[in-house]
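# A look at the structure
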Amino acid sequence: MTGRPPLRISVVVPAWDEEDRLPRCLASLAAQTRLPDEVVVVDNASGDGTARVAAAAGARVVHEAERGIWPAAAAGYDAATGDVIARVDADTVLPPGWLARVEALLADDPGCVAVTGPGRFRLGAVGGLGSALVHLLYMRAYFVLAGLALGGPPVFGSACAVRATAWRTARHEVHREADVHDDLDLSFHLPPGSVRYDAGLAVSISARPLRSPRGLGRRVARGWRSVVLHWPEQAPWRAPARRAAWWRGQAAPSAPPR
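Residues numbered from 1 in each chain as written. Predicted model: local features only at pLDDT ≥ 70, side-chain atom pairs only at ≥ 80, totals over all residues. Heavy atoms only, no water.

### Digging into empty space enclosed by the protein
- On inspection of all chains with the given rule, the structure shows two cavities of 30 Å³ or more.
- There is about 100 Å³ of room inside the largest cavity.
- As for the largest cavity, its lining consists of Leu150, Gly151, Gly152, Pro153, Ser187, Leu190, Pro191, Pro192, Gly193, Ser194, Val195 and Arg242.
- In terms of residue class, the lining of the largest cavity is built from six nonpolar, five polar and one charged.
- Taken as a whole, the second largest cavity holds about 30 Å³ of empty space.
- In terms of lining residues, the second largest cavity is bounded by Tyr77, Ile85, Val162, Trp167 and Leu186.
- Within the lining of the second largest cavity, the residues separate by chemical class into five nonpolar, no polar and no charged. (1 Å grid on protein atoms, 1.4 Å probe; cavity = no way out; pocket = protein on both sides within 12 Å on 5 of 7 lines; lining within 4 Å. Points joined across faces, edges and corners; volume = space filled by probe spheres on them. Nonpolar A, V, L, I, M, F, W, Y, C, P; charged D, E, K, R; others polar.)

This is the structure in structure tokens:
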């Protein structure tokens with residue numbers, strides 16, 4: 001670490017009817033060796049006790065009435081007050097050093113706008129070769145295929161952290177109303193080459209995405225739609241120009257508020 005001031009880290013947790021899974025996630029945040037400066041749980045019009053569970057654990061609860069992962073996530077990002085916005089899901093369980101690693105990676109590399117790691121499915125009795133195969137076919141495939149579409153690593157929504165300045169630049173460009181993968185969509189609006197993948201940021205996640213062929217199909221369709229919405233304007237071969245434009249925008253004086 002350098003002599004720079006410490007980064008303030010907000011953790012955003014979008015949640016819809018997650019009163020059963022949320023406590024374990026919030027407990028893992030409370031057990032971090034580097035505690036979050038704030039935890040923002042976005043109650044996405046839940047019909048259960050999600051908001052009550054979050055408030056009891058000391059989280060700040062933000063309510064978002066419009067159902068959907070993008071409206072919920074964006075509401076949390078907008079509400080966050082930290083220099084860094086970490087995003088996890090309600091079924092995420094983080095290892096104790098996760099936030100400390102996020103802070104170290106971002107503090108040591110000013111050109112890095114976001115960091116991300118993989119999810120490790122909690123598969124119960126399935127282990128060994130079966131777990132490795134599932135990880136290869138789902139998690140590894142996401143990073144490889146999305147990386148090819150982007151020309152660099154994507155962020156993975158259950159385990160990522162983005163500088164707040166990058167979100168403020170991207171917030172008016174992301175496709176909040178479209179049926180897309182929010183993490184892949186956000187990745188297209190970050191400067192190419194600025195996302196760092198780190199296997200040390202791996203987290204534990206539930207196996208919910210694997211339980212329904214229909215649900216898997218929806219995820220694939222959203223991923224494809226996310227790519228189609230951004231190509232060819234944001235295709236990998238245009239990455240150098242996009243990267244230069246992004247950093248020029250960061251260096252330009254801020255426009256006066258309207």
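That was the structure; now back to the text.
### Describing the sheet that holds strand S8 (residues 195–197)
- Taking strand neighbours across the sheet as the criterion, the seven strands line up as S3-S2-S1-S4-S7-S5-S8 in an open arrangement whose pairing is mixed. A single partner strand is all that each edge strand has here, and the edge strands are strand S3 (60–63) and S8. Neighbour to neighbour, the strand axes of the sheet diverge by 20° on average, direction disregarded.
- Relative to strand S7 (residues 160–163), strand S4 (residues 84–87) runs antiparallel, the two being bridged by four bridges. From the neighbouring strand, Arg87 faces S7, where its bridge partner is Cys160.
- Sheet strands in contact with helix H3 (residues 69–79) are strand S1 (9–15), strand S2 (38–43), S3 and S4, and its direction is about 155° off that of S1. (Pairing = 2+ DSSP bridges. Helix = DSSP H or I, 4+ residues; strand = E, 2+ residues; numbered from the N terminus. Axes fitted to C-alpha atoms, helices over the stretch in contact; angles between N-to-C directions. Contact = heavy atoms within 4.5 Å.)

### Thoughts on unusual backbone geometry
- With an omega dihedral of -5°, the bond running from Trp231 to Pro232 counts as a cis peptide bond.
- Assignment of secondary structure puts Pro232 in the loop between helix H8 (213–230) and helix H9 (239–251).
- Unlike most non-glycine residues, Asp17 shows phi in positive territory, near 50°.
- In this fold, Asp17 is placed in the loop between S1 and helix H1 (22–30).
- For Ala45, which is not glycine, the phi dihedral falls at a positive 55°.
- Here Ala45 is to be found in the loop between S2 and helix H2 (50–56).

### Remarks on the pairing of S1
- Burial analysis of S1 places seven of its seven residues in the buried class, which makes it a mostly covered element.
- Here S1 shows a buried face lined by Ile9, Val11, Val13 and Ala15 and a second buried face lined by Ser10, Val12 and Pro14.
- When S1 meets S4, the two strands line up parallel, connected through four bridges. Pairing of Val12 across the sheet is with Arg87, part of S4.
- With six bridges joining them, S1 and S2 adopt parallel strand pairing. Directly across from Val12, in S2, lies its bridge partner Val40. (Buried < 20%, exposed > 50% of the residue type's maximum accessible area, 1.4 Å probe, protein only.)

### A word on the pattern of salt bridges
- One pass over the structure, following the stated rule, counts twelve salt bridges.
- We note a salt bridge from Asp179 to Arg222, for which the minimum N-O separation is 2.8 Å. Of this pair, Asp179 sits in the loop between helix H6 (164–170) and helix H7 (182–188) while Arg222 is found in helix H8, placing the two residues 43 residues apart along the sequence.
- For Arg222, a relative accessible area of 28% puts it in the partly exposed group.
- The network of salt bridges with shared partners includes Arg34, Asp37 and Glu103. (Salt bridge = Lys/Arg side-chain N within 4 Å of Asp/Glu carboxyl O.)

By themselves these figures say nothing about function.
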